[in-house]
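Letter by letter, the chains look like this.
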Amino acid sequence: MAEVILMPRLSDTMTEGVIAAWHKKVGDTVKKGELLAEIETDKATMELESYKDGVLLHTGGEKGSKIQVDSLLAIIGAKGEDISSLTGGGGAAKPAKKEAAKPAAAEAPAKPAAAPAIDISKMDEVVLMPRLSDTMEAGVIASWNKNVGDTVKKGDVLAEIETDKATMELESYKNGTLLHIGAQKGEKIPVNGLLCIIGEKGKVDVDAIVAAIAGGAATAPAKTQTETTAAPVAETATAAVASTENGRVKASPLAKKLAAEKGIDIKTISGSGDGGRIIKADIDNYKTTAPAADKPVAEVKAAPAPASVPAFAAGEEGYTDIPNSQMRNVIAKRLGESKFSAPHFYLTMEINMDNAMTARAQLNEVSPAKISFNDMVVKAAALALRQHPAVNASWMGDKIRRYSHIHIGIAVAIEDGLIVPVVRFADQKTLPQIAAESKELAGKAKNKKLQPNEFTGNTFTISNLGMMDIDEFTAIINPPDSCILAVGRIKEVVVRKGEGFGVSNVMKVTLSCDHRSVDGALGAAFLQTMKRYLETPVTMLL
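Residues numbered from 1 in each chain as written. Predicted model: local features only at pLDDT ≥ 70, side-chain atom pairs only at ≥ 80, totals over all residues. Heavy atoms only, no water.

Considerations on the overall build of the protein chain
Thinking step 1. Within the protein chain one finds 13 helices and 26 strands.
Thinking step 2. When each of the 542 residues of the protein chain is scored for burial, the buried share is 47%.
Thinking step 3. A sequence separation of at least 24 residues applies to 62% of the contacts in the protein chain between residues at least 6 apart.
Thinking step 4. Only carbon and sulfur atoms are counted for the fraction: they give 54% of the accessible area of the protein chain, which is about 27500 Å². (Helix = DSSP H or I, 4+ residues; strand = E, 2+ residues; numbered from the N terminus. Buried < 20%, exposed > 50% of the residue type's maximum accessible area, 1.4 Å probe, protein only. Contact = heavy atoms within 4.5 Å. Areas by Shrake-Rupley, 256 points an atom, 1.4 Å probe, with all protein chains shown as cover.)

Some points on the pattern of salt bridges
Thinking step 1. Counted under the stated rule, the structure contains 18 salt bridges.
Thinking step 2. For E34, the salt bridge identified is with K24, shortest N-O distance 3.2 Å. In this pair, E34 sits in the loop between β3 (29–30) and β4 (35–40) while K24 sits in the loop between β2 (16–22) and β3, placing the two residues 10 residues apart along the sequence.
Thinking step 3. On the accessibility criterion, E34 (27% relative accessible area) is partly exposed.
Thinking step 4. Assessed through its relative accessible area of 18%, K24 is described here as buried.
Thinking step 5. Salt bridges linked by common partners bring E137, K333 and E337 together as one network. (Salt bridge = Lys/Arg side-chain N within 4 Å of Asp/Glu carboxyl O.)

What about helix α13 (residues 520–535)?
Thinking step 1. If you check α13, its first and last C-alpha atoms are 22 Å apart, about what 16 residues at 1.5 Å a residue would give, namely 22 Å.
Thinking step 2. Among the residues making up α13, those that are buried are G523, F526, L527, T529, M530, Y533 and L534. End-on, the buried residues of α13 take up no more than an arc of 160 degrees, which puts them together on one face.
Thinking step 3. Buried positions along α13 lie against β17 (344–352), α10 (354–363), α11 (373–387), β24 (460–464), β25 (483–497) and β26 (500–514). (Expected span 1.5 Å × (residues − 1). Arc of directions from axis to C-beta.)

Regarding the sheet that holds strand β15 (residues 188–190)
Thinking step 1. Sheet architecture is open: four strands sit in the order β13-β12-β10-β15, paired in antiparallel fashion. Single-partner strands in this sheet number two, and they are β13 (167–171) and β15. For this sheet, the mean inter-axis angle between neighbouring strands, taken without regard to orientation, is 40 degrees.
Thinking step 2. When strand β10 (residues 138–144) meets β15, the two strands line up antiparallel, connected through three bridges. Its bridge partner lying in β15, V140 is registered against K188. (Pairing = 2+ DSSP bridges. Axes fitted to C-alpha atoms, helices over the stretch in contact; angles between N-to-C directions.)

Brief notes about the sheet that holds β3
Thinking step 1. Spatially, four strands are ordered β1-β8-β6-β3 in an open sheet, and the strand pairing comes out antiparallel. Both edges of this open sheet fall to β1 (3–6) and β3, since each of them pairs with a single strand only.
Thinking step 2. Taken together, the four bridges between β1 and strand β8 (residues 72–77) define a ladder with antiparallel strand orientation. The residue of β8 that forms the bridge with V4 is I75.

A closer look at α10
Thinking step 1. Taken as a whole, α10 has its buried residues at A356, A359 and L363. An end-on view of α10 places all buried positions within 65 degrees of arc, on one side of the element.
Thinking step 2. In this structure, the buried residues of α10 make contact with α11, α12 (431–446) and α13.

Overview of the environment of R424
Thinking step 1. Tracing the sequence through the fold places R424 in the loop between β23 (422–423) and α12.
Thinking step 2. For R424, a relative accessible area of 27% puts it in the partly exposed group.
Thinking step 3. Within polar-contact distance, the side chain of R424 engages the backbone oxygen of N453 at 2.7 Å. (Polar contact = N/O pair within 3.5 Å; in protein donor to acceptor, adjacent residues only side chain to side chain.)

Things to note about the confidence of the model for the protein chain
Thinking step 1. The predicted model of the protein chain averages 79 in pLDDT, with 78% of residues at 70 or higher.
Thinking step 2. Confidence drops under pLDDT 50 across residues 90–116; counting only partners more than four residues distant or on other chains, this segment forms 29 contacts.
Thinking step 3. Taken together, the stretch residues 216–246 has pLDDT below 50 and engages in 50 contacts with residues farther than four places along the chain or on a different chain. (pLDDT = per-residue confidence, 0-100.)

Here's the deal with unusual backbone geometry
Thinking step 1. Cis geometry is found at the peptide bond from P479 to P480, where omega equals 10 degrees.
Thinking step 2. Following the sequence through the fold, P480 ends up in the loop between β24 and β25.
Thinking step 3. Despite not being glycine, N192 shows a phi value in the positive range, around 70 degrees.
Thinking step 4. Mapping N192 onto the fold places it in the loop between β15 and β16 (194–199).
Thinking step 5. With phi around 65 degrees, D469 is a residue other than glycine that occupies positive phi space.
Thinking step 6. In this fold, D469 is placed in the loop between β24 and β25.

Some words on the layout of surface pockets
Thinking step 1. Estimates place the volume of the second largest pocket at around 850 Å³.
Thinking step 2. At the level of elements, α11, β21 (412–414), β23, α12, β24 and β25 are the ones that each hand at least two residues to the lining of the second largest pocket.
Thinking step 3. The element best represented in the lining of the second largest pocket is α12, accounting for seven residues.
Thinking step 4. When its residues are assigned to classes, the lining of the second largest pocket shows 23 nonpolar, seven polar and six charged. (1 Å grid on protein atoms, 1.4 Å probe; cavity = no way out; pocket = protein on both sides within 12 Å on 5 of 7 lines; lining within 4 Å. Points joined across faces, edges and corners; volume = space filled by probe spheres on them. Nonpolar A, V, L, I, M, F, W, Y, C, P; charged D, E, K, R; others polar.)

Focus: the nonpolar core
Thinking step 1. By size, the foremost hydrophobic cluster in this structure holds 53 residues, and its most contacted members are F460, L485, F526, M530 and L534.
Thinking step 2. At nine residues, α11 tops the list of elements feeding residues into this core.
Thinking step 3. Apart from the residues within four sequence positions on either side, F526 is in contact with A381, A384, L385, H388, V391, F460 and L511.
Thinking step 4. Grouped together as the second largest cluster of nonpolar side chains are 19 residues, M136, I181, L195 and C196 included. (Core = buried A, V, L, I, M, F, W, Y, C linked by side-chain atoms within 4.5 Å.)

Quick look at the structure:
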């Protein structure tokens, strides 16, 4: 029987997906796990795999088209099967009707008399600031690509929004005129605050909408928006290459992905998209230019020093103010709240890693993925949490929530700060599985490719600075966890062995605990169990 595949919600804020590429054509045989398509969301371009075997009988849109979440994406079934009842007799027309109906419904708010009782959530004209990450509370307008009064087409990039995790492009999901913007470049808009209004000029009561959202408080920005948004738009339209004032490349997620795969420096490409944005066609048409024969290679590759680096003369005082990124602001806020609201206490333990080192070397001779000591710590901690579920918990104010699942967060340092990708159900995974997943997540984190489900949901966190020669340290608890484990380096120490002395490899770990939910004896028992696993690694394989 034919099965309908709907456009999945690939992020918490996603309302529609763009078909970046189809990897199967109608009539092709599809196997479970094979790549069907690449879907470009509001955050990244992701691959969609088939979850069943069959023949691709129908697609809900061509490459480049937008499909609403939960609308028809594809149908897979048996060759020759009748699917007219699933497509409504018109194939892809079904999702299209859903979109086409929106403008008609959107005309309702145009009646001035209805302004006091406007239901903003049902108005297509209103674009609110989306929540682009689980920790996001506000977005900063990095740039506007449209000016008030400009015609906007579905798919045009309206603005670039800087969140605590990354800077993302916001595309319009409808046609119309940009009638109002909620903030200017560099200003913040809280999540679910008014970002902009798009509609038919003369048929939308902008003042009534603004008043309904902010109770009149948001009226001020509307008065100055025409004057203040013209300059940024002019700058982006005349740029020779697709970059903003701060040098950040403007490109679609798919273009960035293709450039990385082909080893192309995307900064050298001029964009042909809206406002100089680099699109897939620019990557496809890119040709590497070889250095001129009469020009030394060193001269061609030479690059000027970054203009942002200040130069000070010897003996001269000076300083540079670096504005906080959204990520840095959120780190400061969340960890500040954790440190000063959760009563931390610390437990430090030494673990003999001699057997772990031997076991790791033996495992890596047969493992499909290279196992690190951190992978062994993740596995040991996960198994210890299984035996001490009270540590795998969150303080909820009026109750303590104990989790039946074990999701281990692994702190990863990136250019803008710190992010914690999550290995889900770590206690149920083998060491090679943990190793492969950890490596993939760390790579995505450093390339800002993590999806929301990959950096949320942690129940326990590990922070490892051993590779940076740190002997021991204390870490601040990562909410909503009750504990975080700080891991130091493995170092040789002289110990008494029998009648003499010898060298052992010792690693120090420090467990930071929230005393509201985890007491000292409980934290100590957890560490003792983890110590046994690491000092006798074979027990982790049972």
